[in-house]
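Residue strings, one per chain:
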Amino acid sequence: MAFEALSKTPASLDELRTRVFYALQRHPLCRQVQFDIVSTPRTRRTNWTISMHTVQPGALWTAHEIVADIQEAYELDVAA
């Protein structure tokens, strides 16, 4: 059985911003989270991250988990 690396879907900054926004809106504690998407040097896992602002104390870990799930599926399109 051959191992195949899962490739991430390329997405523009606008697409990532939209996906993160709607994912956070689905959770009641995360609806007020304000964030920015930050391009970072490519690592083996990702090339973007989130800078969160105005996070309620009870929402921090939930918002972090939501963003981590999106980071596992998408990479910032270098052509964007």
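Cut-off values and rules
Each residue is numbered by its place in its chain's sequence as written, counting from 1. Reporting in this predicted model follows two pLDDT cut-offs: at least 70 for local features of residues, and 80 or more for side-chain atom pairs to be given and counted; totals over whole chains, interfaces and linings ignore these cut-offs and use all residues. Computation of side-chain values: all heavy atoms of the structure, hydrogens and water removed. Between the rings of Phe, Tyr and Trp (Trp by its six-membered ring), a pair exists once the centres lie within 6.5 Å; its type follows the angle of the planes, with under 30 degrees stacked, over 60 edge-to-face, and the other angles tilted. Partly exposed residues are those whose accessible area sits between 20% and 50% of the maximum for their type, while under 20% is buried and over 50% is exposed, using a 1.4 Å probe and protein chains only. Note on definitions: angles span 0 to 180 degrees between N-to-C directions of axes, and those axes are lines fitted to C-alpha atoms, for helices only across the stretch in contact. Numbering of helices and strands runs from the N terminus, with a helix taken as a DSSP run of H or I at least four residues long and a strand as a DSSP run of E at least two residues long. Any angle from 65 to 115 degrees is called roughly perpendicular, while one under 35 is roughly parallel, one over 145 is roughly antiparallel, and all others are oblique. With the far helix as reference, a near helix turned anticlockwise by less than a right angle produces a left-handed crossing, and one turned clockwise produces a right-handed crossing. Contacts are assigned to residue pairs that have any heavy atoms within 4.5 Å of one another. Ten residue types, Ala, Val, Leu, Ile, Met, Phe, Trp, Tyr, Cys and Pro, are classed as nonpolar, four, Asp, Glu, Lys and Arg, as charged, and the remainder, Gly among them, as polar.

> Go over the packing of aromatic side chains with me, naming the residues and quoting the values.
Within the structure shown, the criterion is met by one aromatic pair. Ring geometry for phenylalanine 21 against tyrosine 22: centres 5.2 Å apart, planes inclined by 75 degrees, an arrangement best described as edge-to-face. Phenylalanine 21 gets classed as partly exposed once you look at its relative accessible area, which sits at 37%.

> An account of the packing of helix α1 (residues 13–25) against helix α2 (residues 60–73) is requested, with residue identities and associated values reported.
Between α1 and α2, whose axes approach to 10 Å, the crossing angle comes to 140 degrees. Between α1 and α2, the crossing angle belongs to the class labelled oblique. Considering only the axes of α1 and α2, their crossing is right-handed. Taken together, the residues of α2 that come into contact with α1 (itself represented by Arg19, Val20, Ala23 and Leu24) are Ala63, Ile66, Val67 and Ile70. When the residues that make up the contact of α1 with α2 are grouped by side-chain class, the tally is seven nonpolar, no polar and one charged.

> Quick rundown of the environment of aspartate 77? Include the residues and the values.
Locating aspartate 77 in the fold gives a position in the segment after β4 (74–76). Note: C-alpha distance between aspartate 77 and alanine 63 (14 residues apart in sequence) is 23 Å. With sequence-adjacent residues up to four places away left out, aspartate 77 is seen in contact with Pro10, Ala11 and Ser12.

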